[in-house]
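# Fold and contact review
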Amino acid sequence: MQKLAREDLMSLEQYAVERPRLRSEVIAHKQLRNVQVGPNMTWCFEDRTTIRYQVLEMLRAERIFESAGIQGELDAYNPLIPGGSNWKVTLLLEFPDAEARHVALSKLIGVEDRCWVRVSEMERVFAIADEDLERENADKTSAVHFLRFELSPSMIEAVKNGAHLSVGVEHPNYRHSVSPLPSPVRDALSLDLD
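Residue numbers here run from 1 along each chain, matching the order of that chain's written sequence. The model is predicted, so local features are restricted to residues of pLDDT at least 70 and side-chain atom pairs to those at 80 or more, both for listing and for counting; the totals for chains, interfaces and linings are taken over all residues. Where side-chain values are given, they derive from all heavy atoms of the structure, hydrogens and water being excluded.

## Remarks on the overall build of the chain
Helix and strand labels come from DSSP, where a helix needs a run of H or I of at least four residues and a strand needs a run of E of at least two; each type is numbered from the N terminus. The number of helices and strands found in the chain is six helices and nine strands. Since a compact globule built from 194 residues should have a radius of gyration of about 16 Å, the 17 Å found for the chain is in line with a globular shape. Here the C-alpha coordinates of the chain stretch approximately 50 × 45 × 25 Å along the principal axes. Taken over 194 residues, the chain has a buried fraction of 44%. Radius of gyration here uses only the C-alpha atoms, and the compact-globule reference equals 2.2 Å multiplied by the residue count raised to the power 0.38. Three labels apply to residues, based on accessible area from a 1.4 Å probe with only protein chains included: buried if under 20% of the type maximum, exposed if over 50%, partly exposed otherwise in between.

So, in structure tokens, the structure goes:
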């Protein structure tokens, strides 16, 4: 999947005009790319559309309009666009109550490394997590992680041919899976694979 360049973005003025329409489109797009895994975990399967929107939102929020700043945002977010043989996921651990969140995150250290995808009956592929920086310490994990799932050529072919796709997490304090993913979700994710 092609990385974003400056030409793929809009000026802040143009984005202000286009934002309501684009926001509605991206929300609809994400409905086929977000997967709830258990009660407190959401996987957001990223692609060029979701990352473009995120970059535009960051430029707007930070009022970035200089070339160096724009390039900095592109450099930060482009690694989250799938590369044709993988899926990139933003993992969100969601606990509405701050005290409950603190306790839960202390019990979920390492959860990002225990996330997996499975194509049909093939072997599970565990996540390569947080390649940009360490997101946990001795006391707790982060509420946000970035995952990459590398698929073999046979897995890619199977997904493109409609094979079932399952996702899950196997951590001592959090074990949940979704099997199989609904066909529209699987079909959307198959588009990320060249």
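That covers the picture; the talk isn't over yet.
## Topic: helix H2 (residues 48-62)
Each residue after the first adds 1.5 Å to the expected span of a helix. Helix length check: H2, at 15 residues, gives a terminal C-alpha distance of 21 Å against a target of 21 Å (1.5 Å per residue), a fit within 8%. It only takes one pair of heavy atoms within 4.5 Å for two residues to be counted as in contact. Along its buried surface, H2 packs onto helix H1 (12-31), strand E2 (41-46) and helix H3 (67-77). Polar contacts, as counted here, are pairs of nitrogen or oxygen atoms within 3.5 Å of one another; within protein the pair requires one atom able to donate a hydrogen and one able to accept it, and residues that are adjacent in sequence qualify only if both atoms are side-chain atoms. Capping of H2 at its N-terminal end is provided by Asp47; its side-chain oxygen lies 3.1 Å from the backbone amide nitrogen of Thr49. Following H2 by one or two positions, Arg63 has its phi on the positive side, about 55 degrees.

## Observations concerning the sheet that holds strand E8 (residues 165-171)
Strands in a sheet are paired, the pairing made by backbone hydrogen bonds, and the direction either parallel or antiparallel. An order of E5-E4-E8-E9 is seen for the four strands of this open sheet, with the pairing classed as antiparallel. Lying at the two open borders of the sheet, with one neighbouring strand each, are strand E5 (125-126) and strand E9 (174-178). Pairing between strands is defined by DSSP: at least two bridges between them are needed. Here five bridges tie strand E4 (residues 115-119) to E8, and the two strands are oriented antiparallel to one another. Paired with Arg118 across the two strands is Ser166, which belongs to E8.

## Digging into the packing of H1 against H2
Axes here mean lines fitted to C-alpha atoms, for a helix over just the part in contact, with angles spanning 0 to 180 degrees between N-to-C directions. Where H1 contacts H2, the two axes come as close as 10 Å, and the packing angle between them is 145 degrees. Considering the relative orientation of H1 and H2, their crossing is left-handed. Across the interface between the two elements, Leu12, Tyr15, Arg19, Leu22, Arg23, Val26, His29 and Lys30 from H1 touch Thr49, Thr50, Arg52, Tyr53, Leu56, Glu57, Leu59 and Arg60 from H2. Here the residues of the contact of H1 with H2 sort into seven nonpolar, three polar and six charged. By convention, the crossing between two helices is left-handed when the near helix turns anticlockwise from the far helix through less than a right angle, and right-handed when the turn is clockwise. Three classes are used, and their members are as follows: Ala, Val, Leu, Ile, Met, Phe, Trp, Tyr, Cys and Pro are nonpolar, Asp, Glu, Lys and Arg are charged, and the others, Gly among them, are polar.

## Digging into the sheet that holds E2
Strand order in the open sheet formed by five strands is E1-E2-E3-E7-E6, with antiparallel pairing between adjacent strands. A single partner strand is all that each edge strand has here, and the edge strands are strand E1 (34-36) and strand E6 (128-129). Pairing between strand E3 (residues 86-93) and strand E7 (residues 144-150): seven bridges, direction antiparallel. Bridge pairing in E7 links Thr90 to Phe146.

## Description of the environment of Leu147
Relative to the elements of secondary structure, Leu147 occurs in strand E7. For Leu147, a relative accessible area of 3% puts it in the buried group. Separated by 17 residues in sequence, Leu147 and Asp130 have C-alpha atoms that sit 6.3 Å apart. Leave out the neighbours within four places in its chain, and Leu147 touches Trp87, Lys88, Val89, Leu91, Glu112, Cys115, Ala127, Ile128 and Ala129.

## Concerning the packing of aromatic side chains
Here a pair means two rings of Phe, Tyr or Trp (six-membered ring of Trp) with centres within 6.5 Å. Their orientation is stacked below 30 degrees between planes, edge-to-face above 60, and tilted elsewhere. One pass over the structure, following the stated rule, counts three aromatic pairs. Ring geometry for Phe45 against Trp87: centres 6.1 Å apart, planes inclined by 90 degrees, an arrangement best described as edge-to-face. With Phe45 in strand E2 and Trp87 in strand E3, this residue pair connects regions lying 42 residues apart in the sequence. Neither residue differs from the other here; Phe45 and Trp87 are each classed as buried. Site record: aromatic cluster; members linked through ring pairs are Trp43, Phe45, Trp87 and Phe149.

## Notes on the pattern of salt bridges
Where charged atoms from two side chains of opposite charge approach closely, those side chains can pair. Think of a salt bridge as a Lys or Arg side-chain nitrogen and an Asp or Glu carboxyl oxygen that are within 4 Å of each other. By the definition in use, this model includes 12 salt bridges. The salt bridge involving Glu18 is made with Arg21; its shortest N-O contact spans 2.5 Å. With Glu18 and Arg21 both in helix H1 and three residues apart, the pair spans about one turn of that helix. Overall, the relative accessible area of 40% leaves Arg21 in the partly exposed class.

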